[in-house]
Each structure stands twice: as structure tokens, then as C-alpha cells.
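Structural description and commentary
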Amino acid sequence: MKHMLIKTRRLPALAALALTATLALSACGSDDGDGGDNGGSGGGGGGGSAITMIPKSLGNPYFDASTAGAERAAGEFDGSIEEVGPTGDAGPDSQVPFIQTATQQGVGALVVSANDPSALCDSLEQAQDVDIKVVTFDSDTECRDLFVNQADAQGIASKQIELIADQIGGSGDIAILSAAANATNQNEWISLMEEDLAANYPDINLVDTVYGDDDDQKSFDQTAALLQANPNLKGIVSPTTVGIAAAARYLSTSEFKGKVALTGLGAPSQMKTFIDDGTVTEFALWNPDDLGYLAAYAAEALVSGDISGEEGDTFTAGDLGEYTVGADGIVVLGEPFVFDASNINDFDF
Ligand code: RAM
């Protein structure tokens, strides 16, 4: 009989709802619950699924928000969420032991943001062999039942290039500050950004791509090194909430503030200071709370047998409404949203 922790957390209300539908408040679950030994049948404490959520790493506010969203969903369908994952190490294999433990526990579903497209596959396939459903969210693998994508990858890439091009006046040297070098989502966005630059922005040169591993200090140091190594740099794109916040912190007290543009994907709560002080003018993201909420509902729909993950399957994700599984087992949350001084105060994730 295993013990399944169900965290209780209340989310503050969002004032504006530009990204998606209503973020209704709900406390989820009790202080703790018992997932029971369900032998892989996936029962949570109260009838819904027992879900193990494995972010790229713990301690990232982006994944705190996605886990809070999953907990909100589990509260609604009477399931349970246990969040486990690597602390600080976002290496390719770092999530494997957590997948193996959850498999031994016989949970209903794993909901994973993958640090590598293939390194998790042996362990994920072992989980699937005992009928555990595998949902990826945020960053995909080659072996899963469904991928809950935050937004279309092409749209995410071209939005960031559009933002940096505007901010540097359409020409000059730029660099990318990414997360972990193997992260599926980061690498897909980077290659699409490279294609977009080559096709549509002949006067912008991507001179370097560096990796801060979604570690605040490493991202800060990489920003400093980038600026040292590239004295003509006009802009930095950081498609990671950890990277953009660390780069903004570096720029904000440096001689480059206001001279080197910075954009990418940021959490408004982490970027507000840097919008207010003029270090950053615009950046993009989606709502990570909604992303976790949708991923948990997708997992529940798979475990309960409502869907099998085939293209055209439909399921209802609570307040967010109905979703349809697209080609390659992908469910898309919505569009990326651009934050600036006019709206940053309306969001608190
Ligand atoms: C970081 C992570 C995550 C990415 C966001 C934008 O929190 O790298 O995978 O989607 O940034």
C-alpha cells in the first residue's frame, strides 16, 4: 500500500484572462490521501487517476505553476498528483529514476516534461508495458501516448524572432540563451528560429547559442560571457523562463541595459521588475498553470479509457473546455501571448 501525497495549494486569481478561459479558483484535494495499490489501474485517492508529475527539474516557478494547475484539475476529477523530479540536474537521464519508482508504485499515469527526446524511452516503455499512461507536456519524447503542447512550435519560434527583430530594428547580431542542450522543446524552437532567420531576416546574424541548463546562476554567467565574447551583440533571445529572468537580472545592472535587447519566453511574475525598469520591453509565454491543468485532464481521459490518444479523440478539460487530439497524438493548449508594460500587472503566474 503506497502513500500518495496530494498537495493542497490555492492559486491567486488572475485579473485578466488573455491566454485562455477562466482560471477559477479551487482548493484541491485534502492534505494527503491514499492512492492505494491499484496494480496499474491508476485509481487516485477518490476515484480519479493517481498521476505522477515529473517536470524537467524542481524549483522552477514555471513548473510550480504547471503542477499547481495539475493539482487543480486532480481536485476536480478526484484524482491525485505527486510531483517528483531532479533538483538542479536537467541532464538527459535525470528523470529516469523517478519514472522507474512511479512504475513500481503502479500509478495510473506519468505526466512528464522531458529533458531528452529519447533517453527516457526505455523507462517510459517499461511503464507503458504495465499499462501506465504516458503524457508529455511542455517538452516531448519519442515514446508517449499524448503530448500536451503549449502552443504550435512554429508560432512560438516566429513570435520570438518577430519580437527580437522589432527590438533591434531589423538588423545586427543576436544570440540565443537556451536551457539544457538536449531539451526537446528548446531544440525544436531553436531550429525553427534559425530557419525563420535564414528565410526572412537576411540582416540578422545569429552568432552564438549557449546553454544555461535552466539553472539561474549558470544562465546569469552565460549571459555575461556572451556579452564579453560578442561586443557587437544587439539582442538576446532566451526561450526559457529561467534563462530570460537571469539574463534580465544581469543586463539590468550592467552597461548593456537599454543597449542590448532581450526577449524570449518569460513568466510575467519573474519579468515584471525588468519590464518596469526598462531592461525588457516585450516577451511571450502561455499560461503554465493551464498547461498542467490540461495535461492532468488528458492523463485522466487516457486512464479512464475515455480516449485512447488517437487523432480525433475528444475530451473535456474542466474549465478549459473541449480538446481534440491532433495528428501524432498532440493536444495544443493555445497561442503564445505577448507581455509588455501595458498588461504585465494583470498576470500573477
Ligand atoms: C523553462 C523550461 C520550459 C520552457 C519554459 C518556456 O521554464 O525550459 O521547458 O517551456 O522555460
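Above this text you will find the structure in question.
Here's a quick rundown of the structure. (Residues numbered from 1 in each chain as written. Predicted model: local features only at pLDDT ≥ 70, side-chain atom pairs only at ≥ 80, totals over all residues. Heavy atoms only, no water.)

**Focus on the side chain of Q150**
Note on placement: Q150 falls in the loop between β5 (146-149) and α4 (153-167). Relative accessible area serves as the criterion here: at 0%, Q150 is assigned to the buried category. There is a polar contact of 2.8 Å between the side chain of Q150 and the side chain of D138. If near-sequence neighbours (up to four positions away) are discounted, Q150 is found in contact with Y62, D138, I156, N185, W189, W286, L291, L333 and G334. (Helix = DSSP H or I, 4+ residues; strand = E, 2+ residues; numbered from the N terminus. Buried < 20%, exposed > 50% of the residue type's maximum accessible area, 1.4 Å probe, protein only. Polar contact = N/O pair within 3.5 Å; in protein donor to acceptor, adjacent residues only side chain to side chain. Contact = heavy atoms within 4.5 Å.)

**Digging into the sheet that holds strand β3 (residues 109-112)**
Spatially, the six strands line up as an open sheet ordered β2-β1-β3-β4-β5-β13, and their pairing is parallel. At either margin of the open sheet sits one strand with a lone partner, and together these are β2 (80-83) and β13 (330-332). For this sheet, the mean angle separating the axes of adjacent strands, direction not counted, is 20°. Across four bridges, the pairing between β3 and strand β4 (residues 133-137) is parallel. (Pairing = 2+ DSSP bridges. Axes fitted to C-alpha atoms, helices over the stretch in contact; angles between N-to-C directions.)

**Details of the nonpolar core**
In this structure, V148, W286, L294 and F315 are the most contacted members of the largest nonpolar core, which totals 85 residues. In this structure, this core is formed jointly by two domains, domain 1 (2-150 + 287-334) and domain 2 (153-285), each of which donates at least three residues. Dropping the residues within four chain positions of it, V148 is found in contact with V135, T136, F137, D138, L291, L294, A295, A298 and V331. Among the nonpolar cores identified, the runner-up in size contains 16 residues, and I54, V84, L110 and C121 belong to it. (Core = buried A, V, L, I, M, F, W, Y, C linked by side-chain atoms within 4.5 Å. Domains from an automatic or database assignment.)

**Concerning the sheet that holds strand β6 (residues 172-178)**
Taken together, four strands build an open sheet; the order of strands is β7-β6-β8-β9 and the sheet is parallel. Each edge of the sheet is formed by a strand with only one pairing partner; in this case those strands are β7 (204-211) and β9 (261-264). Across this sheet, the average inter-strand angle for adjacent strands is 25°, counted without regard to direction. Where β6 and strand β8 (residues 233-238) come together, four bridges link them in parallel fashion. Across the sheet, residue I174 finds its bridge partner in β8, namely G235. Here α4 sits on the sheet and contacts β6, β7, β8 and β9; the angle it forms with β9, its principal contact strand, is near 165°. Contacting β6, β8 and β9, helix α7 (residues 241-252) runs over the sheet at an angle of about 165° to β9.

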